[in-house]
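# Structural overview for review
Here is how the chains run, residue by residue.
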Amino acid sequence: MRISGSVALVTGASSGIGREVARRLAAAGARVLAHGRDLSALSALDATPLVADLAEPGAGARLAETALGVAGRVDIVVANAGLGWAGPFSEMPPQTCARLLAVNLAAPIDLTRALLPHFGDRPAYLLYVTSIAGRMGVAGEAVYSATKAGLDSFAESLRFELRDRPVGVGVLVPGVVDTAFFERRGRAYDRASPRPIPAGVVADRIVKMIDRSGAEVYMPRWLRVPVAVRGTLPGMYRRLAARFGSESG
């Protein structure tokens, strides 16, 4: 996927991973459409700001329409926007549950559905930022884990559907990343290990994935190990997870 000269839509670009990805794509020569809810933060980027709340019904499709209206086309999508919430599922407010389902799962699906017909025969690339929580499950983050698992499966299925078209589909599966995500979800990350990965390091890897039309990357790479253990030795995995716990990113 050629980044220079492309039009790239990055969701959740007000901060964290999305902001760093937007900066790097702009530096690589892309015209960046930066989505978020904070106009002042988006305006600080070398990008066209697109302000929208993806929790609103139909927001994903409207964002696609806005992006196409502004730039005429979209070649690269980095579906990064996401919300978290930490605590017992029984205590989760219904409206919070609905927002997570909308932002983390429904919006990227709707955005993709609205953009796909406009790709035509041009090379394009769709990248979805999921989470290790979607591969393994995390206590206290049942809905967040479910939304990321759903997005993961959506991306995998879409990759098979598009195999005869020049449209790449990639998934970035991060663990703990040094962003404001943990504070916003209502519980700070307070473990000594693993140490959070800087958002810029994750963004560098995403840009490499786009450049190579990569299918899947774990960050850090060792996260493949517990996922493999879960798949081959589920009983052992559950005993270890119950003893040592887990934490999403």
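Residues numbered from 1 in each chain as written. Predicted model: local features only at pLDDT ≥ 70, side-chain atom pairs only at ≥ 80, totals over all residues. Heavy atoms only, no water.

### Let's talk about the overall build of the chain
When its secondary structure is counted, the chain shows 10 helices and 9 strands. Scaling as 2.2 N^0.38, a compact globule of 249 residues should have a C-alpha radius of gyration of about 18 Å, and the chain matches this with 17 Å. C-alpha atoms of the chain, sized along the principal axes, occupy 50 × 35 × 30 Å. Burial analysis of the chain (249 residues in total) assigns 51% to the buried set. Of the contacts formed within the chain by residues at least 6 apart in sequence, a portion of 67% connects residues at least 24 apart. Carbon and sulfur atoms make up 54% of the accessible area of the chain, which amounts to about 11,600 Å² in all. (Helix = DSSP H or I, 4+ residues; strand = E, 2+ residues; numbered from the N terminus. Rg over C-alpha atoms; globule rule 2.2 N^0.38 Å. Buried < 20%, exposed > 50% of the residue type's maximum accessible area, 1.4 Å probe, protein only. Contact = heavy atoms within 4.5 Å. Areas by Shrake-Rupley, 256 points an atom, 1.4 Å probe, with all protein chains shown as cover.)

### Structural notes on the nonpolar core
By size, the foremost hydrophobic cluster in this structure holds 39 residues, and its most contacted members are Leu9, Leu33, Val74, Leu115, Leu126 and Tyr128. Contributing elements (two or more residues each) for this core: strand S1 (7-10), helix H3 (59-71), strand S4 (76-79), helix H4 (94-119), strand S5 (124-129), helix H6 (142-161) and strand S6 (167-174). Examining the composition of this core, we find that 7 residues originate from one element, H4, more than from any other. In contact with leucine 33, not counting residues within four places along its chain, are Val7, Ala8, Leu9, Val10, Thr48, Leu50, Ala67, Val70, Ala71 and Val74. In terms of nonpolar packing, the next biggest core, distinct from the first, is built from 33 residues, Ala13, Leu25, Leu45 and Ile197 among them. (Core = buried A, V, L, I, M, F, W, Y, C linked by side-chain atoms within 4.5 Å.)

### Comments concerning the side chain of histidine 35
Within the secondary structure, histidine 35 sits in strand S2 (residues 31-36). A polar contact is formed between the side chain of histidine 35 and the backbone nitrogen of glycine 12, at a distance of 3.1 Å. Setting aside residues up to four positions removed in sequence, histidine 35 forms contacts with Val10, Thr11, Gly12, Ala13, Ser14, Leu42, Leu50, Ala52, Leu54, Leu63 and Ala81. (Polar contact = N/O pair within 3.5 Å; in protein donor to acceptor, adjacent residues only side chain to side chain.)

### Some points on the sheet that holds strand S9 (residues 216-219)
What the 7 strands build is an open sheet, ordered S3-S2-S1-S4-S5-S6-S9; its pairing is parallel. Each edge of the sheet is formed by a strand with only one pairing partner; in this case those strands are strand S3 (48-51) and S9. Across this sheet, the average inter-strand angle for adjacent strands is 15 degrees, counted without regard to direction. Examined bridge by bridge, S1 and S2 share 4 bridges and lie parallel to one another. The residue bridging valine 7 from the neighbouring strand is arginine 31, located in S2. H3 rests against S1, S2 and S3 of the sheet, and its axis sits at about 150 degrees to S2. (Pairing = 2+ DSSP bridges. Axes fitted to C-alpha atoms, helices over the stretch in contact; angles between N-to-C directions.)

### Describing the pairing of S1
Alternating residues of S1 divide into Val7 and Leu9 and Ala8 and Val10, and every residue in both groups is buried. This β-α-β element, S1 to helix H1 (residues 16-27) to S2, shows right-handed connectivity. Sheet analysis places S1 next to S4, joined by 3 bridges and oriented parallel. The partner of alanine 8 across the bridge, within S4, is isoleucine 76. (Right-handed = clockwise from strand over helix to strand, strands pointing away.)

### What to know about H1
Count 3.6 residues to each turn of an α-helix, and residues three or four apart come out pointing the same way. Between the first and last C-alpha of H1 there are 17 Å, a value that for 12 residues agrees with the 16 Å anticipated at 1.5 Å per step. Within the span of H1, buried status applies to Gly16, Ile17, Gly18, Glu20, Val21, Ala22, Leu25 and Ala26. Within two residues after H1, glycine 29 carries a phi angle of roughly 100 degrees, on the positive side. (Expected span 1.5 Å × (residues − 1).)

### A few points about the side chain of threonine 11
Here threonine 11 lies in the loop between S1 and H1. Within the structure, threonine 11 has its side chain in polar contact with the backbone nitrogen of asparagine 80 (distance 2.8 Å). Polar side-chain contacts of threonine 11 include one of 3.0 Å to the backbone nitrogen of alanine 81. Setting aside its immediate chain neighbours within four residues, threonine 11 contacts Gly18, His35, Leu63, Val78, Ala79, Asn80, Ala81 and Leu111.

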